[in-house]
Amino acid sequence: MTERLGLIAGNGALPESLAIEAKKLGLEVFAVGHQGETLPSLASIVSAYTSVQVGQLGRIIKFFKHHKVTQAVMLGGITKATRLLSLRPDWRGVKLLARLKFRGDDALLRAIADEFQKEGITIVSAAEYLKSCLAPAGLISARPLSEAEKMDAVLGWNVAKQIGQLEIGQTVVTCKGVVIAVEAIEGTDAAIRRAGELTSQNSDRHKSQAWSATNSGLVVVKTSKPGQDMRLDIPTVGIATLNILKQAGVSALVLEAEHCFIQDPITFKQMADAMGIAVEGWCKAC
């Protein structure tokens, strides 16, 4: 029998990329999407597909067991607002939530992984199938960060690690030695937009096609949480992120190397270069 892989899919394009890569390896993919989050087109790529509401843990387990799935990946986010406003847990989901003292991202995801393990379904890291999408260490764009941008990025990195430890968010926006915005429940994109609204410096700059290497606009840093379990949550950026960066007046982006996904890396680099946005992968603050 062909080896089978379960896919618990959230939003974004990466679940489709993973399904395609897994099929190239000869795996059959059985996917569960989330209503209002997962791209409907995923259904046409996989061997079998079902859709659930957020919190319907029992339905996911039943689907995987029906298809004899013993390994699964979790990939793609569920927005925090969706989790709060559209949570519709089934009985198994209710029991899991009742046992949790804290409902932060890490605690919740680990508890979910434990529930799957009880049923003989092991959660594995999506990075095993999407190594080419992990942010590499070093220069990603054609333009490196300026010295001013590096200073802001170091500040952003240190703050991002602190808010990650507290499970507040994973993204920080800085400028000229000041923290402009930190990601919380609104998510990365909204935090970047808010930073752009809070500063006026981008009003003239994004009229031009490209940035000068001497310009220092907003700097965005996106890292993993300290001790983050890579099976359960990997920060992600993509083409949509770049468009938001440009609109907000961001001149540089720093990602934690080997701990962040880049959707469509080749196109991402080309667009970053066209926009003049410096992108680097860091293993730690410089």
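Residues numbered from 1 in each chain as written. Predicted model: local features only at pLDDT ≥ 70, side-chain atom pairs only at ≥ 80, totals over all residues. Heavy atoms only, no water.

Participant: Help me out: how do you make sense of the pairing of strand 8 (residues 178-182) in this one?
Facilitator: Working note: regular strand, side chains alternate between the two faces of the sheet. Two strands pair when backbone bridges link them, and strand 7 (residues 171-175) and strand 8 are joined in this way by four bridges, in the antiparallel orientation. Counterpart to Val 172 in the pairing with strand 8 is Val 182. In sequence, strand 7 turns back onto strand 8 through a hairpin of two residues, with Lys 176 there showing a positive phi of about 55°. (Pairing = 2+ DSSP bridges. Helix = DSSP H or I, 4+ residues; strand = E, 2+ residues; numbered from the N terminus.)

Participant: Could you clarify how one ought to interpret the confidence of the model for the protein chain in this entry?
Facilitator: Should the pLDDT be low somewhere, the predicted coordinates at that spot are not to be read in detail. The pLDDT averaged across the protein chain works out to 88; a share of 88% of its residues lies at or above 70. Every residue in residues 206-215 is under pLDDT 50, and counting partners more than four places away or in other chains gives 19 contacts. (pLDDT = per-residue confidence, 0-100. Contact = heavy atoms within 4.5 Å.)

Participant: Any chance you could explain the packing of helix 7 (residues 188-198) against helix 9 (residues 239-248) here in plain terms?
Facilitator: Axes are the key here: two packed helices are described by the angle between their axes and the distance separating the axes. Interhelical geometry of helix 7 versus helix 9 gives an angle of 15° and a closest axis separation of 8 Å. Put simply, helix 7 runs roughly parallel to helix 9. The interaxial crossing formed by helix 7 with helix 9 has left-handed handedness. Here Asp 189, Ile 192, Arg 193 and Gly 196 of helix 7 come into contact with helix 9, specifically with Thr 241, Ile 244, Leu 245 and Ala 248. (Axes fitted to C-alpha atoms, helices over the stretch in contact; angles between N-to-C directions. Parallel < 35°, antiparallel > 145°, perpendicular 65-115°, else oblique. Left-handed = near helix turned anticlockwise from the far one by under 90°.)

Participant: Would you take a moment to explain the sheet that holds strand 5 (residues 122-124) for this structure?
Facilitator: The strand order 3-2-1-4-5 describes an open sheet built from five strands, whose pairing is parallel. Across the chains shown, the open sheet's two edge strands, defined by having one partner strand only, are strand 3 (48-52) and strand 5. On average, adjacent strands in this sheet sit at an angle of 25° to one another, irrespective of strand direction. Here strand 1 (residues 4-9) runs beside strand 4 (residues 71-75); their pairing, made up of four bridges, is parallel. Across the sheet, the residue bridging to Ala 9 is Leu 75, located in strand 4. Docked against the sheet, helix 1 (residues 14-24) engages strand 1, strand 2 (28-34) and strand 4, running at close to 175° with respect to strand 1.

Participant: Which parts of the structure should I look at to understand the packing of aromatic side chains?
Facilitator: Centre-to-centre distance and the angle between the planes together describe a pair of aromatic rings. Counted by the stated rule, this structure contains three aromatic pairs. Relative to Phe 116, the ring of Phe 64 has its centre 6.3 Å away and its plane inclined at 45°; by these criteria the two rings are tilted. Taken together, the residues Phe 64 in helix 2 (residues 57-66) and Phe 116 in helix 5 (residues 105-118) connect sequence positions 52 residues apart. With respect to burial, Phe 64 and Phe 116 carry one shared label: buried. Between Trp 157 and Trp 282, the aromatic rings sit 6.2 Å apart at their centres with planes inclined by 35°, giving tilted as the arrangement. Note that Trp 157 is positioned in helix 6 (residues 147-165) and Trp 282 in strand 13 (residues 278-282), a separation of 125 residues in sequence. For the pair Trp 157 and Trp 282, a shared accessibility class is recorded, and that class is buried. Through a chain of ring-to-ring contacts, the aromatic side chains of Phe 63, Phe 64 and Phe 116 assemble into a single cluster. (Phe/Tyr/Trp six-rings, centres within 6.5 Å; stacked < 30°, edge-to-face > 60°. Buried < 20%, exposed > 50% of the residue type's maximum accessible area, 1.4 Å probe, protein only.)

Participant: What is the right way to read the environment of Leu 18 from this model?
Facilitator: Of note, Leu 18 is situated in helix 1. Separated by eleven residues in the primary sequence, Leu 18 and Leu 7 have C-alpha atoms spaced 8.7 Å apart. Once you skip the residues sitting within four places of it in the chain, Leu 18 turns out to touch Leu 5, Leu 7, Val 73, Leu 75, Ala 126, Tyr 129 and Leu 130.

Participant: Looking at this structure, I do not really get helix 7. What am I missing?
Facilitator: Side chains three or four residues apart in an α-helix point the same way, a direct result of the helix having 3.6 residues per turn. When helix 7 is considered as a whole, its buried residues turn out to be Thr 188, Ala 191, Ile 192, Ala 195 and Gly 196. Along the axis of helix 7, the buried positions cluster into a sector of 140°, meaning they face one direction only. With respect to the buried face of helix 7, the exposed residues turned more than 90 degrees away are Glu 197 and Leu 198. (Arc of directions from axis to C-beta.)

Participant: Before we go on, may I ask you to explain the pattern of salt bridges in this structure?
Facilitator: Applying the stated criterion across every chain yields a total of 13 salt bridges. For Arg 99, the salt bridge identified is with Glu 115, shortest N-O distance 2.6 Å. Of this pair, Arg 99 sits in helix 4 (residues 91-99) while Glu 115 sits in helix 5; the two residues are 16 residues apart in sequence, bridging distant segments of the chain. Relative accessible area serves as the criterion here: at 49%, Arg 99 is assigned to the partly exposed category. We classify Glu 115 as buried; its relative accessible area is 5%. The network of salt bridges with common partners includes Lys 65, Arg 92, Arg 99, Glu 115, Lys 118 and Glu 119. (Salt bridge = Lys/Arg side-chain N within 4 Å of Asp/Glu carboxyl O.)

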